[in-house]
Amino acid sequence: MNWEQLLSLKRQGDTSKRLRAEQDDTRLGFEVDYDRIIFSAAFRSLQDKTQVIPLSKTDFVHTRLTHSLEVSVVGRSLGRLVGKKIIEKYPYLKEVHGYHMNDFGAIVAAASLAHDIGNPPFGHSGEKAIGEYFSSGNGLKYKDKLTAKQWQDLIDFEGNANGFSVLTASRPGIEGGLRISYATLGAFMKYPKESLPKKPTANIADKKYGFFQTDKVFFQEVAEDMGLIPNKEEGDLGFERHPLAYLVEAADDICYTIIDFEDGINLGLVSEDYALEYLIKLVKDNIGIEKYNMLETKEDRISYLRALAIGALINDAVDVFIENEEAILAGNFPFALTDKSKYKAQMNDIIKLSVDKIYQSREVIEKEIVGYQIIQTLLDKFITAFNNKYEGTASNYDKLILKMLPEKHHLEKGNLYERLLHICHYVSLLTDGNALELYEMISGRKKR
């Protein structure tokens, strides 16, 4: 892989190459990506989607929106720091093509901003609820009518693949979705493969999948245009990662490790004594003891340590990337950057404690159970109505259910797979609160 090709400004539908040297620096294409994402309806819906605590009304708990904004800030820092070193190593990128270190920051910030845009309501349990509707619920009846890869898309419903659809899928009058630059899409594509084959490998890029069968053709176009390295056998589609995808992943890893932990502390799920013990291991080389001792509240003390921890992890991730940059460009780095971090043991300790005290807390488990019931009920009602309409057998109840479907989702879908995925996509874009309200109304439980 080479950086000039990887930093492509091309957008879906372009018939010629966009040159960096001809860009208006007051309205750079990579920054346009950020703007388009932040003004999108799908991004706004993240304000009422779970990060850790589903349906939480506590003001200091992070939502997917605040998490995504924080990941984009960390991603921008990672991108700029890496970009500075890449430009120094390959000066022709600036001298010949006009790239700047801030371009790297803009790409990673935009991709990081969008990294959760395809996630369903109720956190990762939302993905599982959709998948299990098909693998063991009422959706199992559709299995024999789909190809193996179409079926795998549904039973392993994946927020990353759904996010690629959000960013790129066309609908009447809106060609190419948000029309994001290929470089930003490449950085967004953490798992550049289809849902099958699903084989355990040592490559971090094979951990999940990155696109649905409906988006396969365009995904392949983006990957090949940027020169990503194919890594699958004939008949299957998969690539090595775009190098900047490692930075997007690192930004997310840093934020959820440290900030989810901070949420658990502020909620009282993790004691301050525990927190201090774990965080100080990360920041012991940077902490200002005098300043720290001046802080009077738990929130201020934890906030100070959190900022130091994130700074330490950013610098370490940059070091790991630059040390392995040539292997990454060659497609020979099958690890997350944090896997090679000098702080890996400390991060693992924090994640282990978070799993025990936060992710498996009674409040989280109770609300995830509710989320399962909500999502599977909505899928069942809307899929049944949508299919019955297509078959010409819709009941009056089906017609009433479909009236709840927003206008932009009233699309003709010619095959079963597309209809099923369309309703999954609709349900995935609901906020936690919207999904709950719709469920209560459909179930006859909504109070007036």
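Residues numbered from 1 in each chain as written. Predicted model: local features only at pLDDT ≥ 70, side-chain atom pairs only at ≥ 80, totals over all residues. Heavy atoms only, no water.

As recorded in an unreviewed UniProt entry, the protein goes by the name Deoxyguanosinetriphosphate triphosphohydrolase, listed as coming from Flavobacterium endoglycinae.

Below, the discussion takes up the nonpolar core. Membership of the largest hydrophobic core comes to 93 residues, with the highest contact counts inside it found for Trp3, Ile37, Leu78, Leu185, Leu244, Phe261 and Leu337. For Leu78, the residues in contact, after removing those within four places along its chain, are Leu247, Ala250, Ala251, Ile314, Ala317 and Val318. If you look at the next biggest cluster of nonpolar residues, it comprises 37 residues, including Ala129, Leu378, Leu420 and Tyr426. (Core = buried A, V, L, I, M, F, W, Y, C linked by side-chain atoms within 4.5 Å. Buried < 20%, exposed > 50% of the residue type's maximum accessible area, 1.4 Å probe, protein only. Contact = heavy atoms within 4.5 Å.)

Here we take up helix H9 (residues 159–168). Burial of H9 is extensive: 10 of the 10 residues sit out of reach of the surface. The set of residues buried in H9 consists of Gly159, Asn160, Ala161, Asn162, Gly163, Phe164, Ser165, Val166, Leu167 and Thr168. As for H9, its buried residues are in contact with helix H2 (29–38), helix H3 (41–44), helix H7 (124–135), helix H10 (182–188), helix H11 (216–225) and helix H20 (416–428). (Helix = DSSP H or I, 4+ residues; strand = E, 2+ residues; numbered from the N terminus.)

Turning our attention to the side chain of Glu249. Tracing the backbone through its elements, the reader meets Glu249 in helix H12 (residues 243–266). Overall, the relative accessible area of 4% leaves Glu249 in the buried class. Not counting the four nearest positions on each side in its chain, Glu249 is found in contact with Lys190, Tyr191, Ile204, Arg241, Ala336 and Leu337.

Now for the packing of aromatic side chains. Inspection of the entire model under this criterion finds 15 aromatic pairs. Counting every residue linked through ring pairs, the aromatic cluster contains Phe164, Tyr182, Phe211, Phe218 and Phe219. The ring of Tyr246 has Arg241 sitting right over it, with the charged end atom 5.0 Å from the ring centre. Note that Lys281 overlies the ring of Tyr278, its terminal NZ or CZ placed 5.5 Å from the centroid. (Phe/Tyr/Trp six-rings, centres within 6.5 Å; stacked < 30°, edge-to-face > 60°. Lys NZ or Arg CZ within 6 Å of the ring centre and 35° of its normal.)

What follows concerns the packing of helix H18 (residues 362–391) against helix H21 (residues 432–442). For the pair H18 and H21, the least separation of the axes is 10 Å and the interaxial angle reads 60°. With respect to H21, the axis of H18 lies oblique. Considering how the two elements wind past one another, H18 and H21 form a crossing that is left-handed. Across the interface between the two elements, Gln373, Ile374, Thr377, Leu378, Lys381 and Phe382 of H18 pack against Ala435, Leu436, Leu438, Tyr439 and Ile442 of H21. Taken together, the residues of the contact of H18 with H21 sort by class into 8 nonpolar, 2 polar and 1 charged. (Axes fitted to C-alpha atoms, helices over the stretch in contact; angles between N-to-C directions. Parallel < 35°, antiparallel > 145°, perpendicular 65-115°, else oblique. Left-handed = near helix turned anticlockwise from the far one by under 90°. Nonpolar A, V, L, I, M, F, W, Y, C, P; charged D, E, K, R; others polar.)

Right, let's talk about the pattern of salt bridges for a bit. For side chains of opposite charge, pairing can occur when their charged atoms come near one another. Going through the model one piece at a time under the given rule, you end up with 22 salt bridges. Across the salt bridge formed by Asp252 and Lys190, the nearest N and O atoms sit 3.8 Å from each other. Here Asp252 is found in helix H12, whereas its partner Lys190 is found in the loop between H10 and H11, with 62 residues between them in sequence. An identical accessibility class is assigned to Asp252 and Lys190; each is buried. Residues participating in the shared-partner salt-bridge network are Lys149, Glu194, Lys216 and Asp236. (Salt bridge = Lys/Arg side-chain N within 4 Å of Asp/Glu carboxyl O.)

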